[in-house]
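Working through the structure, step by step
Here's the letter readout for the chains.
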Amino acid sequence: MALVTLDELRAAQKRIAGVAVRTPLMPCPWADTDAHSLHLKPESLQPTGAFKIRGAYNRLAVLTAEERARGVVAQSSGNHAQAVAYAAREMGIKAVIVMPDTSPAVKVENTRSFGAEVVLVRMHERDTTPAELAARHGYVWVPPYDDPWIIAGQGTVGLEVAEDATALDLDLRTVLVPVSGGGLISGTAAALKLTMPGVRVVGVEPELAGDAAESFRTGERQVWPFEKTHRTVADGLRTNSLGLLPWEHVQAYVDDIITVTEDEIRAAAAVLARRGRLVAEPSGAVTTAAYLHHAEQLPPGRSVAAVVSGGNVDPSLLAELLA
């Protein structure tokens with residue numbers, strides 16, 4: 001399978017301009033140490049609360065008129081769902097979103113608020129139901145990560161990090177990126193390696209959903225049962241394997257994948273709220289958790305950037321994290 005190119009990444013950047021927010025690299029003096037300084041890229045500030053709008057809009061923007069008329073179907077625990085629903089509404093496209101019945105209520109409600117039809121299913125049916133609906137109704141399937149247009153859209157995160165690090169004259173050595181199905185880290189790593197070859201890209205995922213870390217260590221794509229990955233509080237990172245195309249990108253461009261504990265994720269989300277003034281869902285807090293609790297695993301070099309991938313946290317969980 002072909003890896004996304006720099007031309008494809010830059011074309012995606014043009015398509016999403018004015019739709020996705022160009023999030024800043026925020027300095028975090030409260031997190032500076034003798035060894036490292038931290039900058040956050042708060043994708044929680046996107047109009048749908050997460051980075052997913054980048055890939056979803058890029059994918060829908062290249063649909064033909066005939067495909068748009070048929071409508072789209074997608075599956076997601078929440079952030080891709082909201083992104084597809086929002087992008088479809090902006091383009092006047094019918095959207096049907098398949099979500100696990102364990103998805104946070106706030107994500108289900110937000111998806112419906114953008115005009116999408118939501119179909120709630122059991123977790124193990126999430127990945128099979130869209131194909132059934134597409135076959136029955138003719139919808140175009142918009143996958144959450146295993147798609148070159150999605151990967152290129154998410155990769156605009158990496159283009160922005162590279163551009164802003166250069167503008168700020170940062171000696172950027174490491175970029176931390178959450179890992180789930182792999183769309184974000186694939187595109188971000190490709191963008192960074194193609195524009196800033198010296199930067200190391202490190203993926204972060206929960207210990208309880210560590211399929212990508214195991215895949216990276218063994219050199220073979222691992223698939224975990226949903227019963228295992230579903231244990232983590234980071235609901236956006238419960239995917240049980242990397243996608244096939246993301247796995248190719250990870251092997252080509254990612255330098256390491258590390259895991260963080262549930263306690264570290266919860267503590268990082270609280271720190272981001274209290275010190276960073278950012279509302280981050282647990283999935284978005286894993287990179288900060290890695291910076292705060294696993295600095296010894298990071299490559300040498302002072303400047304570190306961490307992608308805060310989303311902020312769509314259930315209010316009751318946020319209250320619990322801050323208690």
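Because the structure is a prediction, the values reported are computed rather than measured.

Conventions adopted
Residues numbered from 1 in each chain as written. Predicted model: local features only at pLDDT ≥ 70, side-chain atom pairs only at ≥ 80, totals over all residues. Heavy atoms only, no water. Pairing = 2+ DSSP bridges. Helix = DSSP H or I, 4+ residues; strand = E, 2+ residues; numbered from the N terminus. Contact = heavy atoms within 4.5 Å. Axes fitted to C-alpha atoms, helices over the stretch in contact; angles between N-to-C directions. 1 Å grid on protein atoms, 1.4 Å probe; cavity = no way out; pocket = protein on both sides within 12 Å on 5 of 7 lines; lining within 4 Å. Points joined across faces, edges and corners; volume = space filled by probe spheres on them. Nonpolar A, V, L, I, M, F, W, Y, C, P; charged D, E, K, R; others polar. Core = buried A, V, L, I, M, F, W, Y, C linked by side-chain atoms within 4.5 Å. Buried < 20%, exposed > 50% of the residue type's maximum accessible area, 1.4 Å probe, protein only. UniProt positions renumbered as here; feature names shortened; annotations may be inferred.

Right, let's talk about the sheet that holds strand E3 (residues 72-75) for a bit. Read from one edge to the other, the open sheet built from four strands follows the order E5-E4-E3-E6, with strand pairing classed as parallel. The outermost strands of the open sheet, each flanked by one partner alone, are strand E5 (117-121) and strand E6 (140-141). Sheet topology note: the strand E4 (residues 95-100)/E5 ladder contains five bridges and is parallel. Paired with Ile97 across the two strands is Val118, which belongs to E5. Along the sheet, helix H4 (residues 79-91) contacts E3 and E4; its crossing angle with E4, the most-contacted strand, is approximately 170°. Of the strands in this sheet, E4 and E5 touch helix H5 (residues 105-113), which is tilted by about 150° from E5.

What follows covers empty space enclosed by the protein. In total, this model carries two cavities of 30 Å³ or more according to the counting rule given. If you add up the space inside the largest cavity, you get close to 340 Å³. Of all the elements in the fold, those that place two or more residues in the lining of the largest cavity are H4 and helix H9 (183-195). Here the lining of the largest cavity is composed, by residue class, of eight nonpolar, 13 polar and seven charged. The space that makes up the second largest cavity amounts to roughly 40 Å³. Contributing to the lining of the second largest cavity are Ser77, Pro100, Thr102, Ser103, Pro104, Met123, His230, Asp235 and Arg238. The class makeup of the residues in the lining of the second largest cavity is three nonpolar, four polar and two charged.

Our next topic: the nonpolar core. Grouped burial of nonpolar side chains is what soluble globular proteins tend to show. In terms of nonpolar packing, the biggest core is built from 36 residues, with Val161, Leu172, Val175, Val177, Ile185, Val250 and Ile257 touching the most fellow members. Listing elements by their share of this core, those giving two or more residues are helix H1 (6-16), helix H7 (148-154), helix H8 (156-167), strand E7 (172-178), H9, helix H10 (211-218), helix H12 (244-253) and strand E10 (303-308). Examining the composition of this core, we find that six residues originate from one element, H9, more than from any other. Apart from the residues lying within four places of it in its own chain, the contact partners of Val161 are Leu25, Lys41, Leu172, Val175 and Leu192. By size, the runner-up hydrophobic cluster in this structure holds 31 residues, among which are Ile258, Ala290, Leu298 and Leu318.

Sites flagged by UniProt as "domain: Tryptophan synthase beta chain-like PALP" (unreviewed entry) map to residues 21-310. This span, residues 21-310, is 43% helix and 17% strand, and a straight line between its end C-alpha atoms measures 13 Å.

On to H10. An α-helical turn contains 3.6 residues, so any two residues separated by three or four positions project in the same direction. Among all positions of H10, only Asp211, Ala212, Ala213 and Ser215 are buried. Following H10 by one or two positions, Gly219 has its phi on the positive side, about 80°.

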